[in-house]
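A closer look at the structure
Letter by letter, the chains look like this.
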Amino acid sequence: MQSLFVQADSLRQEHVGDQVHLRGLIEISNNCRRNCLYCGIRTENRNVERYRLSKEEILGAAQKAVDFQYGSVVLQAGEDGGIETDWMTDIIREIKKLGLAITLSLGERDDRDFQIWRKAGADRYLLRFETSNPKLFAAIHPPLPNREPVDRIAMLHRLRSFGYEIGSGVMIGIPGQTFLDLAQDIALFQTIPLDMIGCGPYLPHPQTPLGQVATFSQAELREKYGLPEISPEDQVPATAEMAFKVIALARITCPKANIPCTTAVATIDAKEGRKLGLQRGANVVMPNLTPIKYRKLYEIYPNKAAIYLTAEQTHESVLQSLREIGRIPGQGRGDSAAMLERRQNSF
Ligand code: 5AD
């Protein structure tokens with residue numbers, strides 16, 4: 001394990017350097033039309049108070065990113081049908097005036113939206129494929145009523161063809177996920193290939209079907225939701241250690257990718273997670289800029305790190321972590337070295 005982590009850290013330094021790019025995360029809406037078995041903001045969770053930020057609130061949060069000298073913001077939401085194409089286009093244009101790169105993470109949308117938003121100035125799109133095992137994916141991410149399941153890998157390729165930098169990733173330790181599945185996930189990062197790779201441990205949310213493992217038996221879950229049947233020794237554990245292994249292997253297989261140490265990693269190991277991730281292959285952190293009164297409502301899993309900290313406090317704590325491990329905040333937009341390299345090779 002130690003040699004794996006050392007190799008990942010040295011490849012990180014060689015290919016993307018000591019800068020840690022900071023992306024300001026703005027959770028713009030917790031409305032979601034989907035019913036993913038793992039996610040706390042799934043549509044059927046009626047205990048969630050729903051919100052959508054106003055344009056002014058989003059621009060206020062983006063201004064903080066400028067004040068803190070972040071190069072980019074990530075606009076993330078549940079799959080919210082109320083996020084209208086033109087409303088989003090207008091916000092993208094306004095944020096671009098601030099000089100920030102923009103990453104969208106708004107779930108599965110029509111190609112038309114992707115193209116319009118790209119033209120308006122959106123630079124990057126994040127869409128995790130969650131697991132490359134089609135049977136497991138279909139079980140945990142049911143299609144919309146009366147719709148065909150969407151192929152997220154194909155969607156990522158289309159996003160790339162529209163000119164986006166593309167990011168994806170998986171959850172680690174989903175019930176029913178085997179080590180072979182996870183190995184294939186990592187191989188897929190490289191073959192797509194991804195510019196950005198975000199992974200974190202699966203964290204059970206009590207108000208979701210998958211989070212009910214304590215009450216339902218594994219057999220009942222399989223029966224009810226079609227989870228694949230696997231033997232217990234094949235089940236990937238949802239641990240910090242596994243998450244670090246995946247980060248390290250992602251760096252080794254995709255040395256030029258931008259790899260965040262995700263909030264889920266900082267949550268499962270609240271004390272050291274962020275720093276250890278950055279020392280085992282990661283080169284990006286996404287400090288949360290969502291206005292504090294909405295933070296606790298974006299509860300995709302419980303006990304999310306830093307929900308009671310202001311943007312200023314989060315910012316300070318990230319800078320402190322960087323100082324403790326001898327790394328420096330990134331300069332500029334933090335574009336993907338992977339993308340630049342591909343461009344060069346194609347000329
Ligand atoms: N545990 C860990 N990660 C989760 N996500 C959603 N719900 C959970 C959970 N319970 C992740 C998914 C999604 C990302 C935004 O958050 O991978 O793509």
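Quick caveat: nothing in here was measured; it's all calculated off a predicted structure. (Residues numbered from 1 in each chain as written. Predicted model: local features only at pLDDT ≥ 70, side-chain atom pairs only at ≥ 80, totals over all residues. Heavy atoms only, no water.)

**Quick notes on the site of the ligand**
Heads up, the rule is: Working definition: residue near molecule or strand if any one of its non-hydrogen atoms lies within 4 Å of it. Two N or O atoms form a polar contact when they lie within 3.5 Å of each other; inside protein one atom must be a possible hydrogen donor and the other a possible acceptor, and for residues adjacent in sequence the pair counts only when both atoms belong to side chains. Per-residue and other accessible areas follow the Shrake-Rupley method at a 1.4 Å probe size, with only the shown protein chains counted as cover for residues. Side-chain classes follow a simple rule in which Ala, Val, Leu, Ile, Met, Phe, Trp, Tyr, Cys and Pro form the nonpolar group, Asp, Glu, Lys and Arg form the charged group, and the remainder, Gly included, forms the polar group.
Around the ligand, the neighbouring residues are Tyr38, Cys39, Gln76, Arg128, Glu130, Met171, Pro201, Tyr202, Leu203, Ile300 and Tyr301. The contact in question runs from a nitrogen atom of the ligand to an N or O atom on the backbone of Tyr38, over 3.0 Å. Ile300 has a polar backbone atom sitting 3.5 Å from a nitrogen atom of the ligand. Within the complex, the protein chains bury 86% of what would otherwise be the 400 Å² of accessible surface of the ligand. Split into classes, the residues belonging to the shell around the ligand amount to eight nonpolar, one polar and two charged.

**Topic: the pairing of strand β2 (residues 72-77)**
Residues in a regular strand point their side chains to alternate faces of the sheet. Note the cut-off: Throughout, exposure labels follow a simple rule: accessible area from a 1.4 Å probe, protein chains only, divided by the maximum for the residue type, with under 20% read as buried, over 50% as exposed, and the rest as partly exposed. Only DSSP runs of H or I reaching four residues or more are called helices, and only runs of E reaching two or more are called strands; each is numbered from the N terminus. We treat two strands as partners when DSSP finds at least two bridges between them. For crossovers, right-handed means that the path from the first strand over the helix to the second runs clockwise, given strands pointing away from the viewer.
Counting buried positions along β2 gives six out of six residues, so the element sits mostly inside the fold. Where burial is concerned, the two faces of β2 agree: the one with Ser72, Val74 and Gln76 and the one with Val73, Leu75 and Ala77 are both buried. Pairing geometry for strand β1 (residues 19-29) and β2, over six bridges, is parallel. From the neighbouring strand, Ile26 faces β2, where its bridge partner is Leu75. Crossover handedness for the path β1 to helix α2 (residues 55-67) to β2: right-handed. Alignment of β2 against strand β3 (residues 101-105), held across five bridges, turns out to be parallel.

**Some details on the nonpolar core**
Filter applied, for reference: Take the buried Ala, Val, Leu, Ile, Met, Phe, Trp, Tyr and Cys residues and link them wherever side-chain atoms come within 4.5 Å; each set so joined is a nonpolar core. The contact definition used throughout considers only heavy atoms, calling two residues in contact when any of these lie within 4.5 Å.
Among the nonpolar cores identified, the biggest contains 90 residues, and Leu75, Met88, Leu104, Tyr164 and Phe189 are the most heavily contacted of them. Ranked by residues supplied to this core, first place goes to helix α9 (residues 240-253) with eight residues. Residues in contact with Tyr164, not counting those within four places in the same chain, are Leu104, Phe114, Trp117, Arg118, Ala122, Asp123, Arg124, Tyr125, Leu159 and Met339.

**Details of the packing of aromatic side chains**
Any pair of aromatic rings gets described here by the distance separating the centres and the angle formed by the planes. Convention followed: Pairing of aromatic rings covers Phe, Tyr and the six-membered ring of Trp, with a centre-to-centre limit of 6.5 Å; geometry is then stacked below 30 degrees between planes, edge-to-face above 60, and tilted otherwise.
Counted according to the given criterion, the structure contains five aromatic pairs. Relative to Tyr164, the ring of Tyr125 lies with its centre 5.9 Å away and its plane at 85°, an arrangement referred to as edge-to-face. Remark: Tyr164 occurs in the loop between α6 (152-161) and β5 (165-168) and Tyr125 occurs in strand β4 (residues 124-126); sequence separation between them is 39 residues. Just as Tyr125 is buried, Tyr164 falls in that class too. Measuring from centroid to centroid gives 5.9 Å for Phe129 and Phe189, while their planes differ by 50°, and the two rings are tilted.

**Quick look at the environment of Gln76**
Inspection of the secondary structure assignment puts Gln76 in strand β2. Under the relative-accessibility criterion, Gln76 is labelled buried at 18%. Each C-alpha atom, one on Gln76 and one on Leu106, is 5.5 Å from the other, the two residues being 30 residues apart in sequence. The residues contacting Gln76, other than those within four sequence positions of it, are Leu25, Ile26, Glu27, Ile28, Ser29, Ser105, Leu106 and Tyr298. Only 3.1 Å separates the side chain of Gln76 from the side chain of Ser105, close enough to count as a polar contact.

**With respect to α2**
For the record, the criterion: A helix is expected to span 1.5 Å multiplied by its residue count minus one. When we speak of the arc, we mean the arc of directions from the helix axis to the C-beta atoms.
End to end, α2 covers 18 Å across 13 residues, agreeing with the expected 18 Å (1.5 Å per residue, within 8%). What α2 keeps buried is the set Ile58, Ala61, Ala62 and Ala65. End-on view of α2: buried residues confined to an arc of 100°, all on one side of the axis. Of the exposed residues in α2, the ones pointing more than 90 degrees away from its buried face are Glu56 and Asp67. Considering only its buried residues, α2 is in contact with β1, β2 and α3 (85-97). Residue Gln69 follows α2 closely and has a positive phi angle near 65°.

**Regarding the pattern of salt bridges**
Heads up, the rule is: The salt bridge criterion pairs a side-chain nitrogen of Lys or Arg with a carboxyl oxygen of Asp or Glu, the two atoms within 4 Å.
Inspection of the entire model under this criterion finds 25 salt bridges. As a salt-bridge pair, Glu108 and Arg34 come within 2.8 Å of each other at their nearest N and O atoms. Of this pair, Glu108 sits in the loop between β3 and α4 (111-120) while Arg34 sits in the loop between β1 and α2, placing them 74 residues apart in sequence. A salt bridge links Arg109 to Asp113, with the shortest nitrogen-to-oxygen separation between them at 3.1 Å.

In short, shape yes, function no, at least from these values alone.
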